[in-house]
Amino acid sequence: MKTKGLISGITANLVTVKVDGPVGQNEICHIKVDGLEIMSEVIKVTGENVFIQVFDSTRGMKVGDEVEFEGHMLEVTLGPGILSRNYDGLQNDLEKMDTLFIERGSRTEPLDFSGEWDFTPLAKSGDNVVAGDWLGEVKEVSMPHKIMVPFSFADEYTVESVAAAGKYKVTDTIAVLTDSKGDRLNVSMIQRWPVKIPITAYKNKPRPNRIMETGVRPIDTFNPLAEGGTGFIPGPFGAGKTVLQHAISKQAEADIIIMIACGERANEVVEIFAEFPHLEDPRTGRKLMERTTIICNTSNMPVASREASVYTGMTIGEYYRAMGLKVLILADSTSRWAQALREMANRLEELPGQDAFPMDLSATISNFYARAGLVYLNNGETGSVTFLGTVSPAGGNLKEPVTESTQKAARCFYALSQQRADSKRYPAIDPIDSYSKYLDYDEIIECLDESVEKDWVGRVMKGKTVVKRGKEAAEQINILGDDGVPIEYHDRFWKSELIDFVFLQQDAFDSIDGNTPMERQKYMFNMLLDICEKEYDYAGFEDCSSFFKNLINIFKQMNYSEFKSDKFESYREQIEKAVAEKVVND
């Protein structure tokens, strides 16, 4: 028997309901208005009064309207056909919507229930299985999509039968399992899972032990992102967050890309919809959209939908991780999600924290980021969810609560600098303020020693020191003037500028410079560091600046040349000659 209630109060998207039975936290309910059923979620229970956030407009609702509680949390439908789709936060397929504007109460099916899939069995009769074990697979575009024992199955089961290879609908029974009591359970290709509960169908979840290459030099070399790791990109408007995210999504070593637009401006979301279907996938040569799912909520949609979208995206990511795939989730921007939390907390009249955000904002963000990670599955395979969010601090203030709370949770911090963006130094990742805590992990250090070169992290730290000392020298030069400081200050400054212009800046719109493999990054970085470690004989500070400007110009042309091509080698020889003429011989 479902619990029912009547509306006793309405404040924007917050509705108070008086109920006649038990109700659970985060339970889904429907409000009946003008023949429509408006979906809502329980966010607070106080005795017989229940507070719910409505996922749609509350226009026309009134005190006394009936509310029916469903007995389950907000769930997503998991199965073949998720890739290449555009969803909203409630997993409605946006392309199936009838009108330009989403009508209130409209719902669409998240999957194609009429289409057929070529099923190949992986398990056999008599196998013992648990939640998350693979029963078979279908081909979803170019990805092997595993059909698994539903995550909600808590027992150990025996496979009674598995369907033979052939074409089946997602609702057809493809396996029959027997539990410890002897009861028979039918399994289809689809299952449902509550978005706010992590999927834990794996053996263990160790610390990340390898990096995820993105082709972006300031990330891969200076502050690497681990596979199964977390990072975030704070930055003011116009600092290049969107371009950087697109570059990472195209180039990262990931099997599945999930884009979450959780409250960005409508025009930016339209850009994602317009651009992604046309982006070429450099890994497969096909369209990037074939292995991408977009979950979209714009700033003008109800605040509750923004919160739902981030959890929906993470749950879909965990689903594909359970198939042994590498999943990269990009969220833009989690500041809008935090603002939704603040708005609902204020309407509930909860005790506010800093800047009126909820007192538990830091814990909420940390719990969400903790869902990412590298896992070992029951069959020994590995899967990963790597999460990279963006934060939009008002006025570029990195001391505001959302940025500080996210900084505690994420292991990588890619601070976009307004100053670097204004001077067209893209990507505008500040080399001094940004960091990656994964460089302190023994597992990552060992991985880099094996995959790049011995003591790679030590060399990276030397490069960071050169950049930092160059910034300090620049401040002194600005205060005292070019001829008011020793020549050593100019030497430090220009060595820093050499690394900055050649390595930390990158042309995202160039096919060669926009995507730099790790082998080329190692070659270029070692070449730059060797130049910076040498001493040079200058006639004066003008001679110093002209020497390094010449090197920078040659290196920039080198960046646009195919690696180790004749043109590339020609530029390398020019650099070696210029250095040999200026270096101080021992």
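Residues numbered from 1 in each chain as written. Predicted model: local features only at pLDDT ≥ 70, side-chain atom pairs only at ≥ 80, totals over all residues. Heavy atoms only, no water.

A.B. asks: I'd like to hear about the overall build of the protein, residue by residue, with values.
C.D. replies: Broken down by element type, the protein carries 14 helices and 25 strands. On C-alpha atoms alone, the protein measures out to a radius of gyration of 27 Å, which is about the 25 Å that the 2.2 N^0.38 rule sets for 586 residues. Across its three principal directions, the C-alpha atoms of the protein cover 90 × 55 × 40 Å. Taking all 586 residues of the protein together, the buried fraction comes to 55%. Pairs at least 24 apart in sequence give 70% of the contacts found in the protein among residues at least 6 apart. About 24900 Å² of surface is accessible on the protein, with carbon and sulfur atoms providing 48% of the total. Measuring between centres, the 65 positive side-chain charges of the protein sit 1 Å from its 90 negative side-chain charges. (Helix = DSSP H or I, 4+ residues; strand = E, 2+ residues; numbered from the N terminus. Rg over C-alpha atoms; globule rule 2.2 N^0.38 Å. Buried < 20%, exposed > 50% of the residue type's maximum accessible area, 1.4 Å probe, protein only. Contact = heavy atoms within 4.5 Å. Areas by Shrake-Rupley, 256 points an atom, 1.4 Å probe, with all protein chains shown as cover. Lys, Arg positive; Asp, Glu negative; His and termini not counted. Charge placed at Lys NZ, Arg CZ, Asp CG, Glu CD.)

A.B. asks: An account of the packing of aromatic side chains is requested, with residue identities and associated values reported.
C.D. replies: Counting across every chain of the model gives 27 aromatic pairs. Ring geometry for Phe 151 against Tyr 319: centres 6.2 Å apart, planes inclined by 80°, an arrangement best described as edge-to-face. Residue Phe 151 is found in the loop between β12 (143–148) and β13 (157–162), and its partner Tyr 319 is found in helix α4 (residues 303–321); the two are separated by 168 residues along the sequence. For Phe 151, a relative accessible area of 7% translates into the label buried. Tyr 319 sits in the buried class, given a relative accessible area of 2%. Ring-pair connections join several aromatic residues into one group, and the members of that group are Tyr 311, Trp 337, Phe 368, Tyr 369 and Phe 387. Lying across the ring of Tyr 441, Arg 207 places its NZ or CZ 4.0 Å from the centre. Here the guanidinium or amino end of Arg 342 rests over the ring plane of Phe 357, the centre of that ring lying 4.3 Å away. (Phe/Tyr/Trp six-rings, centres within 6.5 Å; stacked < 30°, edge-to-face > 60°. Lys NZ or Arg CZ within 6 Å of the ring centre and 35° of its normal.)

A.B. asks: Explain the pairing of strand β2 (residues 14–19) to me, using residue names and the numbers behind them.
C.D. replies: Burial runs high along β2: five of the six residues are buried. The pairing of strand β1 (residues 4–11) with β2 spans six bridges and is antiparallel. Residue pairing across strands places Gly 5 opposite Val 19, the latter belonging to β2. Connecting β1 to the next strand, β2, in antiparallel fashion are two residues, including Ala 12 with a positive phi near 55°. (Pairing = 2+ DSSP bridges.)

A.B. asks: Any chance you could break down helix α11 (residues 487–504) for me, citing the residues and the numbers?
C.D. replies: Between its terminal C-alpha atoms α11 stretches 25 Å, which fits the 26 Å expected from 18 residues at 1.5 Å a residue. Of the residues making up α11, those classed as buried are His 490, Asp 491, Trp 494, Lys 495, Ser 496, Glu 497, Leu 498, Ile 499, Asp 500, Val 502, Phe 503 and Leu 504. (Expected span 1.5 Å × (residues − 1).)

A.B. asks: Explain the sheet that holds strand β3 (residues 27–33) to me, and be specific about the residues and the numbers.
C.D. replies: Taken in spatial order, the six strands line up as β1-β2-β5-β4-β3-β6 and close into a barrel, and their pairing is antiparallel. Averaged over all pairs of adjacent strands, the angle between their axes in this sheet comes to 45°, without regard to strand direction. Relative to strand β5 (residues 49–54), strand β4 (residues 36–46) is paired through six bridges, and the arrangement is antiparallel. Note on β5: the bridge partner recorded for Glu 41 is Gln 53. (Axes fitted to C-alpha atoms, helices over the stretch in contact; angles between N-to-C directions.)

A.B. asks: Lay out the pattern of salt bridges with the relevant residues and their values.
C.D. replies: Overall, the coordinates contain 32 salt bridges when judged by the stated rule. In this structure, the salt-bridge partner of Glu 66 is Lys 4, at a minimum N-O distance of 3.9 Å. Taken together, the residues Glu 66 in strand β6 (residues 66–73) and Lys 4 in strand β1 connect sequence positions 62 residues apart. A relative accessible area of 31% means that Glu 66 is categorised as partly exposed. Note that Lys 495 and Asp 491 form a salt bridge whose closest N and O atoms lie 3.1 Å from each other. Of the two residues, Lys 495 and Asp 491 both sit in helix α11, four residues apart, roughly one turn of that helix. (Salt bridge = Lys/Arg side-chain N within 4 Å of Asp/Glu carboxyl O.)

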